[in-house]
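So you can see what is in the structure, the chains are spelled out below.
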Amino acid sequence: MKNIKNINDYNFNEKVAIIRVDFNVPLDKKLNITDTTRIDLGINSIKYVLDNGGKCIIMSHLGRPKGNGYQKEYSLKNIIKYLSVKLNREICLVDKYFSDSFSIQDYLIKSDIILLENLRFYSEEKQNDLKFSKKLAAMADIYINNAFGTSHRSHASTNSIIKYSKNYCIGDLVYNELSNINKVLFDEKKPFTAILGGAKVSDKINVIEKLIDLVDNIIIGGAMANTFIKSKGGKIGKSLFEEDNIIIAKSLLKKAEKRNVKIYLPEDLLCSKSINDYKTKTFNSYELPNDYSGFDIGYNSIITFKKVILNSKKIIWNGPMGVFEIDEFSNGTFEICKFVTEATKKGAFSLVGGGDSVSAVKKNNQENNISFISTGGGALLEFISNGTLPSLELLDN
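So, a few notes on the structure that sits alongside this text. Note that the structure is a prediction, hence the values are computed from the model and not measured. Every chain begins its residue count from 1, and numbering advances along the sequence as written. Reporting of local features is limited, given that this is a predicted model, to residues whose pLDDT is at least 70; pairs of side-chain atoms are given and counted only at 80 or more, and all residues count toward the totals for whole chains, interfaces and linings. To get the side-chain values, all heavy atoms of the structure are used, and hydrogens and water are removed first.

Let's talk about the sheet that holds strand β8 (residues 217-220)
Note the threshold: Paired strands, as defined in this entry, are two strands with at least two bridges between them according to DSSP. In this text, helices come from DSSP runs of H or I with a minimum length of four residues, and strands from runs of E with a minimum of two, each type numbered from the N-terminal end. We call two residues in contact when some of their heavy atoms are within 4.5 Å. To define axes, lines are fitted to C-alpha atoms, for helices over the stretch in contact only, and angles between the resulting N-to-C directions are given on a 0 to 180 degree scale.
An order of β10-β8-β7-β15-β16-β17 is seen for the 6 strands of this open sheet, with the pairing classed as parallel. Where the open sheet ends on each side, the last strands, each with one partner, are β10 (262-264) and β17 (372-373). Sheet topology note: the β8/β10 ladder contains 3 bridges and is parallel. Note that in β10 the partner of isoleucine 219 across the bridge is tyrosine 264. The strands touched by helix α12 (residues 331-345) are β7 (192-196), β15 (314-318) and β16 (349-352); relative to β15, the strand with the most contacts, the crossing angle is about 155°.

Quick look at the structure:
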């Protein structure tokens, strides 16, 4: 991906840029933003265009609307106040921009910055519809992709729009993502440790295969560890696992052994009889009673993982160690967060991506003690697996 132009390669004076951002921020029941990170990280490219004499059309999705048309809880009206404050400008919100009679010029005469209503209010967005993407591209002189977290999706605003754009580039957020991901993957510092958690092995098969060729250690936690433990003959009680991926888990363990890569699985688990039962007991992770499930890693696992992490010079972390949203099962994930920040302070390069991992970092107020926090979850994993993303690959020429 050496030939992708970035925002600094263009002169925006008297030009109109249409910028795909990822302002898919979480909202509470009163539709107030609860975490502004994606907006805070995504506005520099908007400022750059405006500061250099250009005009901006901003487009984003928010949530997962059902069906077509306006839905209050997913409207970008919910973010426009905060966005206006951050940019110190009045922002014009435009809906019904896919109608035949719509003309963006009527709005650009009045305003330098325009926000298109939620792209996913149109089913054509997720369908990667050519007519829809052509309409978007025709609004501007230059298309800017500044939405790394959605660039693994082949949607109209990230993918087919490029076919109809004469000029296109990436914004600063995407540039920073690519630079830092490549740094953690290919810088020669060793040892290199990957920490993977979450529920499903199936979500991370490709990334584990790729990482085995790159890292020295892989720490696996969360429910996905159960599939590996089961593949080694462990008794996991009622814990979640993926029967269909037992053979794949075995093959990944064998591949890692051949490559001299150490895979660390939990030695013990914090268990209870149900997710709502907080009467917990700790068991050897290979010897759970039939009526218990593991919901977090145990003390011995934490100690072992700590030694590995603190000895590392590069760390990538994606996924929690347990059901960390519940206080009783949050300790393992929060301890991992602490160890990653300690290692970073000692000079390691750390990259954290994925909603749950980033959430854990923020709950512990450690954002400033991580080398780089990625805005991508699925996009981060796919980039590691394939070395590219569908929508970014189209920009590479």
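Picking up after the structure, the text goes on.
What to know about the environment of alanine 223
Looking at where alanine 223 falls in the secondary structure, it is placed in the loop between β8 and α9 (224-231). Those residues in contact with alanine 223, other than ones at most four positions away along the chain, are Gly198, Ala199 and Leu240.

With respect to the pattern of salt bridges
Stated formally: What makes a salt bridge here is a side-chain nitrogen of Lys or Arg within 4 Å of a carboxyl oxygen of Asp or Glu, nothing more. Accessibility here uses a 1.4 Å probe with only protein chains present; expressed as a share of the type maximum, an area under 20% marks a residue as buried, one over 50% as exposed, and anything in between as partly exposed.
Tallied over the entire structure, the rule returns 11 salt bridges. Arginine 20 serves as the salt-bridge partner of glutamate 125, at 3.7 Å between the closest nitrogen and oxygen. Taken as a pair, glutamate 125 in helix α5 (residues 123-126) and arginine 20 in strand β1 (residues 16-21) lie far apart in primary sequence, 105 residues in all. Residue glutamate 125 is classed as buried on the basis of its relative accessible area, which comes to 0%. For arginine 20, a relative accessible area of 1% gives the class buried. Close ionic contact of arginine 259 with aspartate 213 constitutes a salt bridge, the shortest N to O distance being 3.0 Å. With arginine 259 in the loop between α10 (246-258) and β10 and aspartate 213 in the loop between α8 (205-212) and β8, the pair connects residues that are 46 residues apart, well separated along the chain. For arginine 259, a relative accessible area of 45% gives the class partly exposed.

Concerning the nonpolar core
The condition is simple: In plain words, nonpolar cores are sets of buried Ala, Val, Leu, Ile, Met, Phe, Trp, Tyr and Cys residues tied together by side-chain atoms within 4.5 Å.
Judged by nonpolar contacts, the single largest core of 71 residues is most densely connected at Tyr97, Leu116, Leu136, Phe148, Ile218 and Phe228. By size, the runner-up hydrophobic cluster in this structure holds 27 residues, among which are Ile19, Val21, Ile43 and Ile91.

Some thoughts on the sheet that holds strand β11 (residues 268-272)
Taking strand neighbours across the sheet as the criterion, the 3 strands line up as β12-β11-β14 in an open arrangement whose pairing is antiparallel. Bordering the open sheet on either side are β12 (281-284) and β14 (293-297), each of which pairs with just one other strand. Averaged over all adjacent pairs, the angle separating strand axes in this sheet is 45°, with direction ignored. Bridge count for β11 against β12 is 4 bridges, and the pairing is antiparallel. Each bridged residue has a counterpart across the sheet, and for cysteine 271 the counterpart in β12 is lysine 281.

Points about the environment of phenylalanine 283
Inspection of the secondary structure assignment puts phenylalanine 283 in strand β12. Along the primary structure phenylalanine 283 and lysine 86 are separated by 197 residues, whereas in three dimensions their C-alpha atoms are 50 Å apart. Excluding residues within four positions of it along the chain, phenylalanine 283 makes contact with Glu267, Asp268, Leu269, Cys271, Leu288, Pro289 and Tyr292.

Worth remembering: the numbers are spatial, not functional.
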